[in-house]
Amino acid sequence: ALIPRPESETIITIASDIISSKLSSSTEKIKLIDVGTGTGCLGITLQLEHPDIDVTLIDNSLHALNLAKENAVLLKASVHPIKNNLLSDLTTPTDIIIANLPYVDKSWTVSPDTQFEPDEALYASNGGLFLIFRLLDQATLTLKPGGYILIESDPRQQNDIITHAQSIRFTHIKTEGYVTVFSYSTN
């Protein structure tokens, strides 16, 4: 699994603001999915900060998911870990999806900090966009209308991500650092 980095804290800040806003205007329990959870740091943190939300942690790596489970137990976080390939086969309507998927292209120069991290946690094909585009496509079947998706990526990828997302009925809300935020509309 990836070692959590400061760039990911932006996801926590933005998601926390969205959760607080939704909690003040909804009587239903908010459902959040952390896709590509790795150590679970994002989903676990949000569940601990907002104990009334329902958090699912998803990863396709059993090793990473076991790390997330251990962290959840140690921190007494009430989360639901699931081994899955992105959102495939999930049908539960969801309010918020957060994702820090592998988005590095193999041709890029990477930080020496990454030398001990597994390639599958770093690299993706199609200029690093393959998994992000696939997640966006799958999210159209899972996100509730008005739901949000927050995606971490490299700033040089963000215009392509915005273009793809808008082509499948997402509205670009904002981009802050490494995080791009969209809302979903069925119209």
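Residues numbered from 1 in each chain as written. Predicted model: local features only at pLDDT ≥ 70, side-chain atom pairs only at ≥ 80, totals over all residues. Heavy atoms only, no water.

(A) Local environment of the sheet that holds strand S2 (residues 54-59). Taken in spatial order, the seven strands of this open sheet run S3-S2-S1-S4-S5-S7-S6, and their pairing is mixed. Lying at the two open borders of the sheet, with one neighbouring strand each, are strand S3 (79-83) and strand S6 (170-176). Averaged over all pairs of adjacent strands, the angle between their axes in this sheet comes to 20 degrees, without regard to strand direction. Sheet analysis places strand S5 (residues 143-152) next to strand S7 (residues 179-184), joined by five bridges and oriented antiparallel. Considered in S7, the bridge of Glu 152 is made with Val 179. Sheet strands touched by helix H2 (residues 41-49): strand S1 (31-35), S2, S3 and strand S4 (94-99). Its angle to S2, the strand with the most contacts, is close to 175 degrees. (Pairing = 2+ DSSP bridges. Helix = DSSP H or I, 4+ residues; strand = E, 2+ residues; numbered from the N terminus. Axes fitted to C-alpha atoms, helices over the stretch in contact; angles between N-to-C directions. Contact = heavy atoms within 4.5 Å.)

(B) The nonpolar core, seen in detail. Ranked by size, the top nonpolar core spans 25 residues in total, and within it Val 35, Leu 87, Ile 97, Leu 101, Leu 136, Ile 149 and Phe 170 carry the most contacts. A total of six residues in this core trace back to one element, the largest contributor, which is helix H4 (residues 130-139). Core analysis: the second largest hydrophobic core is formed by 23 residues, Ile 11, Ile 12, Ile 30 and Val 55 among them. (Core = buried A, V, L, I, M, F, W, Y, C linked by side-chain atoms within 4.5 Å. Buried < 20%, exposed > 50% of the residue type's maximum accessible area, 1.4 Å probe, protein only.)

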